[in-house]
Amino acid sequence: MPGTPSPTSVSTKLQRIAKLAREIPGPLNNLAHHIDLEWLKEAYRRTRKDGATGVDGQTAEEYAQNLEANLRSLLDRAKSGTYRAPPVRRAEIPKPGKPNETRPIGIPTFEDKILQRAVAMVLEAVYEQDFLDCSWGFRPGRSAHGAIGDLREQAMKMRGGWVVELDFRRFFDTLDHERLRVILSQRVRDGVLLRLIGKWLNAGVLEEGRIIHPHTGTPQGGVISPLLANVYLHEVLDTWFARVMRPQLKGRAHLVRYADDAVLIFAQEADARAVMAALPERVESYGLHLHPDKTRLLVFRPPSDCNGPSGPGDDGRSFDFLGFTHFWARSRWGHWVIKRRTASDRFSRAVRAANEWCRQHRHLPVKQQHRTLCRKLLGHFSYYGITGNSNALARFLREVQQIWRKWLDRRSQRRDMTWERFRRLLARYPLPPPRAVHSILLPRSEPVT
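Residues numbered from 1 in each chain as written. Predicted model: local features only at pLDDT ≥ 70, side-chain atom pairs only at ≥ 80, totals over all residues. Heavy atoms only, no water.

Details of the confidence of the model for the chain
Here is step 1: For the chain, per-residue confidence averages 90 on the pLDDT scale, and residues scoring 70 or more make up 90% of the total.
Here is step 2: Between the elements of the chain, mean pLDDT differs from a low of 68, seen in strand β2 (residues 98-107), to a high of 98, seen in strand β6 (residues 253-258).
Here is step 3: The low-confidence segment residues 308-315 (pLDDT under 50) makes 16 contacts with residues lying over four places distant or belonging to another chain.
Here is step 4: Within the model, pLDDT remains below 50 along residues 442-449, and this stretch shows 16 contacts once partners closer than five positions in the same chain are excluded. (pLDDT = per-residue confidence, 0-100. Helix = DSSP H or I, 4+ residues; strand = E, 2+ residues; numbered from the N terminus. Contact = heavy atoms within 4.5 Å.)

Given below as structure tokens:
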């Protein structure tokens, strides 16, 4: 097929970059020479083709009509320094479950996405040798479920402790460009790559017909933005905690970070308070700020150690991380274990989103509505379907059924969608049952009694 890259050659180059990064802990030069036409073809293959268009309005299909020539031109401009990063198109998208609220995202052009992907592939091969195990977000082979699993495992080993929840205020909007350049130069000295990253940081945002050039932030929606965020927080938080703070602590401690969401758990209260006190100065020295209300310290120990009951939302002895509320409960064998359930705000948000969709699309054919609702339910279950969360999953299914019936009943003034008729409809168009997609069992050998 025209434009198909040679996976072996690209894979070999990625391995060479990774090997070089392991052998040389300092700055690396001459990385951009790995980016050739085959590399760009692989970057093109990895780039989503169904995304929204950027400021030039060009679609993936239009770009692919003359793919070879377009990629050759892109390569020449990137290597010669004549590539001009177009501004990202600012779009406001509704917040899930909050139809009256929006959040901004930046939409690069399709060609810009390809080049960002190509550069990200190089940087990823380098920084994957440096990133610590505490980092789980936007990394190959890692996921949010891996993060919450790691947090649970470490907390169980400690028999709980003291938890510090971190919340950065507007992280992606306040990431400092100059500090990011300094951090990148400690590992990457390739002029072509640094120049391209600088162009993307300075490209600006097209909003309401005019281009704005912010001095901080990286647009959410950019292909390279998650990697740059990881590089920034690797320096700000991960290495600082591992190399500066942890050696000073008296007890066990563990950090779990997924992008800009992070939780730290400590075996001793004094250690937790020491890190909590040092955190504001550390992050502010890099131009970041912690949210004063959402950053907090709480005790998180089995109720038998706390002289009181525990459960989602009681006495502060539960916390939310990546959409799940973590709390103590008895296992089937009678031991205290950490369980997770869908966080209340995420549950409410998902219900509101389902209600809004059914309201807006209630006049579509039932078969079409059924097909979309099945996809939405399966998507919800694929993320929240973990062991111990069956009640929340079943409740969400019931909520969706009630919402669907309600809006089907309002398709006309007759209001004839009774529950009996709706049950017959469900027999013909069944919704998928909830299931635990991610099974996590606590072995009998790991009880907390």
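Structure shown, so let's carry the discussion forward.
Examining empty space enclosed by the protein
Here is step 1: In total, this model carries two cavities of 30 Å³ or more according to the counting rule given.
Here is step 2: Volume-wise, the second largest cavity comes out at about 50 Å³.
Here is step 3: Lining the second largest cavity, in full, are Ile35, Leu75, Ala78, Lys79, Leu115, Val192 and Leu196.
Here is step 4: When contributions to the lining of the second largest cavity are tallied by element, the ones reaching two or more residues are α4 (67-80) and α9 (191-202).
Here is step 5: Considered class by class, the residues forming the lining of the second largest cavity number six nonpolar, no polar and one charged. (1 Å grid on protein atoms, 1.4 Å probe; cavity = no way out; pocket = protein on both sides within 12 Å on 5 of 7 lines; lining within 4 Å. Points joined across faces, edges and corners; volume = space filled by probe spheres on them. Nonpolar A, V, L, I, M, F, W, Y, C, P; charged D, E, K, R; others polar.)

A short note on the layout of surface pockets
With a probe scaled to a water molecule rolled over the atoms, the places where space remains empty come into view.
Here is step 1: Space inside the second largest pocket adds up to approximately 400 Å³.
Here is step 2: Lining the second largest pocket are 15 residues, and of these Arg48, Lys113, Arg117, Gly221 and Val223 sit closest to its centre.
Here is step 3: Of all the secondary-structure elements, those providing two or more residues to the lining of the second largest pocket are β2 and α5 (110-127).
Here is step 4: If one sorts the elements of the lining of the second largest pocket by residue count, β2 sits on top with three residues.
Here is step 5: Classifying every residue of the lining of the second largest pocket by side-chain character gives six nonpolar, five polar and four charged.

A few points about the pattern of salt bridges
Here is step 1: Summed over the entire model, instances satisfying the criterion amount to 23 salt bridges.
Here is step 2: Residue Lys41 pairs with Glu68 through a salt bridge whose shortest N-O separation is 3.3 Å. Of the two residues, Lys41 is situated in helix α2 (residues 37-46) and Glu68 in helix α4; the sequence distance between them amounts to 27 residues.
Here is step 3: Judged by its relative accessible area of 7%, Lys41 is buried.
Here is step 4: On the basis of relative accessible area, Glu68 is assigned to the partly exposed category, the value being 32%.
Here is step 5: A salt bridge links Asp416 to Arg421; the nearest nitrogen and oxygen atoms lie 3.0 Å apart. (Salt bridge = Lys/Arg side-chain N within 4 Å of Asp/Glu carboxyl O. Buried < 20%, exposed > 50% of the residue type's maximum accessible area, 1.4 Å probe, protein only.)

Looking at helix α10 (residues 225-245)
Each full turn of the α-helix corresponds to 3.6 residues, which orients residues three or four apart in the same direction.
Here is step 1: The end-to-end C-alpha separation of α10 is 28 Å, in line with the 30 Å expected for 21 residues at 1.5 Å each.
Here is step 2: Maximum bend of α10: about 50°, positioned at His234.
Here is step 3: Counting buried positions along α10 yields 17 of 21 residues, so the element is predominantly enclosed. (Expected span 1.5 Å × (residues − 1). Bend = angle between axes of the 7 residues up to and from the residue.)

Section: the packing of aromatic side chains
Here is step 1: Considering all chains together, one arrives at 17 aromatic pairs under this definition.
Here is step 2: In this structure an aromatic cluster arises from ring pairing among Phe168, Phe171, Phe172, Tyr232 and Tyr286.
Here is step 3: The ring of Trp136 has Arg142 sitting right over it, with the charged end atom 4.1 Å from the ring centre.
Here is step 4: For the cation-ring pair, Arg410 lies above Trp407, with the distance from its terminal atom to the ring centre recorded as 4.9 Å. (Phe/Tyr/Trp six-rings, centres within 6.5 Å; stacked < 30°, edge-to-face > 60°. Lys NZ or Arg CZ within 6 Å of the ring centre and 35° of its normal.)

Section: the sheet that holds strand β3 (residues 161-167)
Here is step 1: With antiparallel pairing, the four strands of this open sheet are ordered in space as β6-β7-β3-β8. Each end of this open sheet is capped by a strand with a single partner; those strands are β6 and β8 (296-300). The sheet shows a mean angle of 20° between the axes of neighbouring strands, direction not considered.
Here is step 2: The pairing of β6 with strand β7 (residues 261-266) spans six bridges and is classified as antiparallel. Note on β7: the bridge partner recorded for Leu255 is Leu264.
Here is step 3: The sheet contacts of helix α6 (residues 144-158) involve β6 and β7, and relative to β6 the element is tilted by about 165°.
Here is step 4: Running over the sheet, α10 touches β3, β6 and β7 and is turned about 175° from β6. (Pairing = 2+ DSSP bridges. Axes fitted to C-alpha atoms, helices over the stretch in contact; angles between N-to-C directions.)

Concerning the pairing of β7
Here is step 1: Burial analysis of β7 places five of its six residues in the buried class, the great majority of the element.
Here is step 2: Linkage of β6 to β7, two consecutive antiparallel strands, is achieved through a turn of two residues, within which Ala259 is found at a positive phi near 55°.

Things to note about α9
Here is step 1: Between its first and last C-alpha, α9 extends 16 Å over 12 residues, near the 16 Å set by a 1.5 Å rise per residue.
Here is step 2: For α9, the set of buried residues is Val192, Leu193, Leu196, Ile197, Gly198, Trp200 and Leu201.
Here is step 3: As for α9, its buried residues are in contact with α4, α5, α8 (177-185) and α10.
Here is step 4: Two to three positions downstream of the cap, the backbone nitrogen of Val192 sits 3.0 Å from a side-chain oxygen, assigning the N-cap of α9 to Asp190.
Here is step 5: Gly204 occupies a position one or two residues after α9 and carries a positive phi of about 90°. (Polar contact = N/O pair within 3.5 Å; in protein donor to acceptor, adjacent residues only side chain to side chain.)

Some thoughts on unusual backbone geometry
Here is step 1: The phi torsion at Asn30 lies on the positive side, around 55°, for a residue other than glycine.
Here is step 2: Inspection of the secondary structure puts Asn30 in the loop between α1 (7-23) and α2.
Here is step 3: Positive phi, normally seen in glycine, also occurs at Arg415, with a value near 50°.
Here is step 4: With respect to the helices and strands, the residue Arg415 is situated in the loop between α15 (390-409) and α16 (419-428).
Here is step 5: We classify Arg415 as partly exposed; its relative accessible area is 49%.

Points about the sheet that holds strand β10 (residues 324-330)
Here is step 1: Read across the open sheet, the three strands follow the order β9-β10-β11; overall the sheet is antiparallel. Here the strands that pair on one side only, and so sit at the sheet edges, are β9 (319-321) and β11 (336-342). The mean angle between the axes of side-by-side strands here comes to 40°, regardless of whether they run parallel or antiparallel.
Here is step 2: For β9 and β10, the ladder comprises three bridges, and the chain directions are antiparallel. By the bridge assignment for β10, Phe321 is matched with Phe324.

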